[in-house]
Amino acid sequence: MPIHVIEKSTSDERGTLLDFLEAQRGAIRRSVLGLTEEQVRRKPSASELSLGGLLKHVADAELTWLRLAQGRPEDTDRTPESWGESFLLLEGESVAGQLALWEKTAAETEEFIRSVPSLEDTFALPEAPWFPPSSRVSMRWVLLHLIEEIARHAGHADVIRESLDGRTAFGLVDEERGTGA
């Protein structure tokens, strides 16, 4: 991992988990650093994934899990048939728009997690074939799941970015910090 998360306080579990989540978000954001809209739509490997599609997917996934944890309805009307669109930048969608949506979602996630009485508070998972019936998960679980989900896709993004222009995560960290080329 090119960014190491250091605990600010060993007694602030929420803060540490939120910092790990932010580190993974940063990896995805850096993957599109300096690329054109055309470049972020390219699929340079055997995979159908593009950097723009990954960006949209992780922003959408975080918002979906946030709404579940809040007990609020989802913001998108995704169906099994349209689920694949969560991995594609559609006409009228842009990297800037997805980054702005994700920034807003990230701030809302942090505000919500800091406001819940306990990370042990739970919420119901929706009825779906991939969840056991009547399942509940904790706020801690949802944070860990988001870290896992975004980290998985950050790895995909590293490979895609390197395939596009040879840039690696370490170089992009330096560029973001203003210490690299």
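Residues numbered from 1 in each chain as written. Predicted model: local features only at pLDDT ≥ 70, side-chain atom pairs only at ≥ 80, totals over all residues. Heavy atoms only, no water.

K.L.:
Even after reading the chapter, I still don't get the overall build of the protein, so can you show me in this structure?
P.N.:
A count of helical and extended segments in the protein gives six helices and two strands. N-terminal to C-terminal, the α/β element order of the protein is α-α-α-α-β-β-α-α. Here the protein has a C-alpha radius of gyration of 17 Å; the compact-globule value for 181 residues is 16 Å, and the two agree. Here the protein, with 181 residues, has 44% of them falling under the buried criterion. (Helix = DSSP H or I, 4+ residues; strand = E, 2+ residues; numbered from the N terminus. Rg over C-alpha atoms; globule rule 2.2 N^0.38 Å. Buried < 20%, exposed > 50% of the residue type's maximum accessible area, 1.4 Å probe, protein only.)

K.L.:
Looking at this structure, how should I read helix α4 (residues 95–115)?
P.N.:
In an α-helix, one full turn covers 3.6 residues, which means residues spaced three or four apart are oriented alike. Given a rise of 1.5 Å per residue, 21 residues ought to cover 30 Å, and the 30 Å separating the end C-alpha atoms of α4 matches this to within 8%. Along α4, the positions that sit buried rather than exposed are V95, Q98, W102, T105, A106, E108, T109, F112 and I113. For α4, the secondary structure elements touched by its buried residues are α1 (13–31), α2 (37–41), α3 (51–70) and α5 (139–165). (Expected span 1.5 Å × (residues − 1). Contact = heavy atoms within 4.5 Å.)

K.L.:
Whenever I open this one, α5 confuses me. Can you help?
P.N.:
For α5, which comprises 27 residues, the first-to-last C-alpha distance of 38 Å matches the rise-based estimate of 39 Å (1.5 Å per residue) to within 8%. Two residues or fewer past α5, G166 is found with a positive phi of approximately 80°.

K.L.:
Would you explain the pattern of salt bridges in this entry?
P.N.:
Opposite charge on two side chains allows them to pair when their charged atoms are near. Summed over the entire model, instances satisfying the criterion amount to 19 salt bridges. Notably, a salt bridge pairs D19 with K8, separated by 2.8 Å at the nearest N-O pair. In this pair, D19 sits in helix α1 while K8 sits in the segment before α1, placing the two residues eleven residues apart along the sequence. By relative accessible area, which is 22% here, D19 ends up partly exposed. Looking at K8, the relative accessible area reads 71%, which means it is exposed. Notably, a salt bridge pairs R30 with E176, separated by 3.1 Å at the nearest N-O pair. With R30 in helix α1 and E176 in helix α6 (residues 169–177), the pair connects residues that are 146 residues apart, well separated along the chain. The exposure class assigned to R30 is buried, which follows from its relative accessible area of 7%. E176 sits in the partly exposed class, given a relative accessible area of 43%. Look at the salt bridges and you will find they share partners, linking E22, R25, R29 and E62 into a network. (Salt bridge = Lys/Arg side-chain N within 4 Å of Asp/Glu carboxyl O.)

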